Amino acid sequence: MAARLNELRGFLSVCGINNTGPTNARQTTELITSQGFTSIDDFNGFKQADVGRLVKAFNTGNPVSGTIGFMSQKKLEALAFWVTDLKKRGLTPTLAEWNNDAVEKARIESDITSEQKANPVVPKRCDKIVTGLDWYTWSEKFDNYLSAIRGVDDVPLSYVIRRPKPAGWDPVTDANSPEETLIYQVALNGSAFEQDNKTVFTKILEVTLGEPAYEWIRSFEQTKDGRGAMEVLRQHCEGSNFTELRVNEADRILRETVYNNERHFSFESYSTLLQKAYTIYEQTGQVYPDRAKVRRLIDKMSVGNSLVLSHAKEHVIDNMPNDWVQAVNYMKTKVAQAFPGAQAPRSTRRFVNEVNGGRGRGGRFGRGGGRDGRGRGNYGGRGGRGGRGGRGTPCPDDDSAIPKSIN
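How each quantity is defined
- Residues numbered from 1 in each chain as written.
- Predicted model: local features only at pLDDT ≥ 70, side-chain atom pairs only at ≥ 80, totals over all residues.
- Heavy atoms only, no water.
- Helix = DSSP H or I, 4+ residues; strand = E, 2+ residues; numbered from the N terminus.
- Buried < 20%, exposed > 50% of the residue type's maximum accessible area, 1.4 Å probe, protein only.
- Contact = heavy atoms within 4.5 Å.
- Areas by Shrake-Rupley, 256 points an atom, 1.4 Å probe, with all protein chains shown as cover.
- 1 Å grid on protein atoms, 1.4 Å probe; cavity = no way out; pocket = protein on both sides within 12 Å on 5 of 7 lines; lining within 4 Å.
- Points joined across faces, edges and corners; volume = space filled by probe spheres on them.
- Nonpolar A, V, L, I, M, F, W, Y, C, P; charged D, E, K, R; others polar.
- Salt bridge = Lys/Arg side-chain N within 4 Å of Asp/Glu carboxyl O.
- Expected span 1.5 Å × (residues − 1).
- Polar contact = N/O pair within 3.5 Å; in protein donor to acceptor, adjacent residues only side chain to side chain.
- Core = buried A, V, L, I, M, F, W, Y, C linked by side-chain atoms within 4.5 Å.
- Axes fitted to C-alpha atoms, helices over the stretch in contact; angles between N-to-C directions.
- Parallel < 35°, antiparallel > 145°, perpendicular 65-115°, else oblique.
- Left-handed = near helix turned anticlockwise from the far one by under 90°.

Draft legend 1. Region of the structure containing the overall build of the protein. Across its full length, the protein holds 16 helices and two strands. The buried share among the 407 residues of the protein stands at 42%. Within the protein, contacts between residues at least 6 apart in sequence are counted, and of these 63% link residues at least 24 apart. Just so you have it, the protein exposes about 21,900 Å², and 50% of that area is on carbon and sulfur atoms.

Draft legend 2. How the structure looks around the layout of surface pockets. Counted as a void, the largest pocket has a volume near 710 Å³. Around the largest pocket, the lining is made up of 23 residues, and of these Phe 81, Asp 85, Arg 89, Lys 105 and Glu 109 lie nearest the centre. Breaking the lining of the largest pocket down by element, the ones donating at least two residues are helix H4 (70-88), helix H5 (100-118) and helix H7 (178-185). In terms of lining, the second largest pocket is formed by 21 residues, of which the most central are Ser 139, Glu 140, Asp 143, Arg 163 and Arg 234. Elements that contribute at least two residues to the lining of the second largest pocket include exactly helix H6 (135-147), H7 and helix H10 (226-237). A per-element tally of the lining of the second largest pocket places H6 first, with eight residues. When grouped by side-chain class, the residues that make up the lining of the second largest pocket number seven nonpolar, six polar and eight charged.

Draft legend 3. View of the pattern of salt bridges. Using the criterion set out here, one finds 21 salt bridges in the structure. Residue Arg 53 is joined to Asp 50 by a salt bridge in which the shortest nitrogen-to-oxygen separation is 2.5 Å. Of the two residues, Arg 53 and Asp 50 both sit in helix H3 (residues 48-59), three residues apart, roughly one turn of that helix. A relative accessible area of 53% places Arg 53 in the exposed class. With a shortest N-O distance of 3.8 Å, Lys 293 and Asp 290 are connected by a salt bridge.

Draft legend 4. Structural context of helix H8 (residues 191-208). Under the 1.5 Å per step criterion, the end-to-end length of H8 is 26 Å for 18 residues, consistent within 8% with the ideal 26 Å. Every buried residue belonging to H8 is among Ala 192, Phe 193, Asp 196, Asn 197, Val 200, Phe 201, Lys 203, Ile 204, Leu 205, Val 207 and Thr 208, and all of these are buried. Looking at the buried side of H8, the elements it contacts are H6, helix H9 (214-217) and H10. Once H8 ends, the next one or two residues include Gly 210, with phi positive near 85°.

Draft legend 5. Looking closely at the side chain of Arg 9. Here Arg 9 lies in helix H1 (residues 2-14). At 3.0 Å, the side chain of Arg 9 and the side chain of Thr 29 are in polar contact. With sequence-adjacent residues up to four places away left out, Arg 9 is seen in contact with Asn 19, Thr 23, Arg 26, Thr 28, Thr 29 and Ile 32.

Draft legend 6. Fine view of the nonpolar core. Counting 32 residues, the largest nonpolar core has Trp 135, Phe 142, Ile 204, Ile 217 and Leu 233 as its most contacted members. Apart from the residues within four sequence positions on either side, Leu 233 is in contact with Ile 129, Trp 135, Ile 204, Thr 208, Ala 213, Trp 216 and Ile 217. With 30 residues, the next largest nonpolar core counts Tyr 278, Tyr 288, Val 303 and Trp 324 among its residues.

Draft legend 7. Quick look at the environment of Ser 39. Within the secondary structure, Ser 39 is located in the loop between helix H2 (27-35) and H3. C-alpha separation for the pair Ser 39 and Glu 7, spaced 32 residues apart in sequence, amounts to 7.7 Å. One polar contact links Ser 39 to Arg 4, side chain to side chain, over a distance of 3.0 Å.

Draft legend 8. Looking closely at the environment of Asp 154. Residue placement: Asp 154 occurs in the loop between H6 and H7. Relative accessible area serves as the criterion here: at 14%, Asp 154 is assigned to the buried category. A sequence separation of 66 residues divides Asp 154 from Lys 88, and the C-alpha atoms of the two residues are 9.4 Å apart. Excluding its chain neighbours within four sequence positions, the residues that come into contact with Asp 154 are Lys 88, Thr 113 and Lys 117.

Draft legend 9. Looking closely at the packing of H1 against H4. In the contact formed by H1 and H4, the axes pass within 9 Å of each other and the chain directions differ by 130°. Regarding the angle of H1 to H4, the classification is oblique. On H4, the residues that touch Phe 11, Leu 12 and Val 14 of H1 are Lys 75, Leu 76, Leu 79 and Trp 82.

Draft legend 10. Fine view of the packing of helix H14 (residues 307-319) against helix H15 (residues 324-338). Put simply, H14 and H15 touch, their axes get as near as 9 Å, and they point 170° apart. Regarding the angle of H14 to H15, the classification is roughly antiparallel. Seen from above, H14 lies across H15 with right-handed handedness. Side by side, H14 and H15 meet where Val 308, Leu 309, Ala 312, Lys 313, His 315 and Val 316 of the first sit next to Ala 327, Tyr 330, Met 331, Lys 334, Val 335, Gln 337 and Ala 338 of the second. Residue composition of the contact of H14 with H15, by class: nine nonpolar, two polar and two charged.

Draft legend 11. Main features of H2. The set of residues buried in H2 consists of Gln 27, Thr 28, Thr 29, Leu 31 and Ile 32. One or two steps after H2, the chain reaches Gly 36, where phi turns positive at roughly 75°.

Draft legend 12. Examining the side chain of Ser 72 more closely. Note that Ser 72 resides in helix H4. The exposure class assigned to Ser 72 is buried, which follows from its relative accessible area of 13%. Within the structure, the side chain of Ser 72 is placed 3.3 Å from the backbone oxygen of Cys 15, a separation counted as a polar contact.

Next comes the structure, spelled out in structure tokens:
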């Protein structure tokens, strides 16, 4: 007990609370005694308003050791924020880590958090669920939607449905952002998670009610298990049947998509459609190397007598054969030079739609790709133009272009 109180005095001392002189006469001791503190853990869950009330109660009690000033109060607010943040991540506050730099960082984050709570941004409701070829696109939108909503402990609700990471992955060293670190440090248990899990289920319910996908999560109505419901949806929408459907779509895109000029099909649309195919491969666990992407980009560009684009194609192959993004950006600038001020006519939109899907038999639930009955298919129909072929070879003159499974 004495060791924990001494540690607490150390934390308070960093906040500007006087910790000198005889132990019983110190300001830290008087604050601890008057407010009933036993350890630093008592600050867990304190909000700025709580700290304000604490300081007011202490100061109005005519403390022998002196009152707490404004700057010390702000530092105490930072301490409470810091302790609370560590606790929700499953970490333990240590005196060695509580220094002036940590105080300043926590103070800023505390103020930002309080401002966000005072003026919350309400995100637009997510679109209804899509379970076909665009499942991954929709699921990313839903994840972003949950990221904009804070849970009980001020954690983005997307943590509830976070996907598992590979063995050895460390949220501190391997995460791409502080938010991702937080999302993967928070525990998937406890009272806060239980409440957040129910909230996520209501959000899933909003996007599935009235849709066929609702039947897959109906059994979770009683438990309100949002994480469990999302796992079932993922198993259903990322199963082998849908995976084959997506891979076939990526094959079709690479097989059929060509570029001639800006009049009929813009280079932006051309390169974006290719990227869509490569994204599908990645989502289904396959590797498509940059070298093959660049070759595919160049080989399917028929530029006629344009010297600018002919030279540009050669330049790309010679100087950036293994950099897909750089190759696309370079060709984009050259296309702008070759077709200055070009703007695709209205027919382009129809062409792009046909490349993206067109009409045809064999959508997800019958003819045309609508939910039932006849209609426009999302991505073509039974194989699109050219029938239902097998996996295409994007770059027939380059064996390395064939995607190879990483599973």
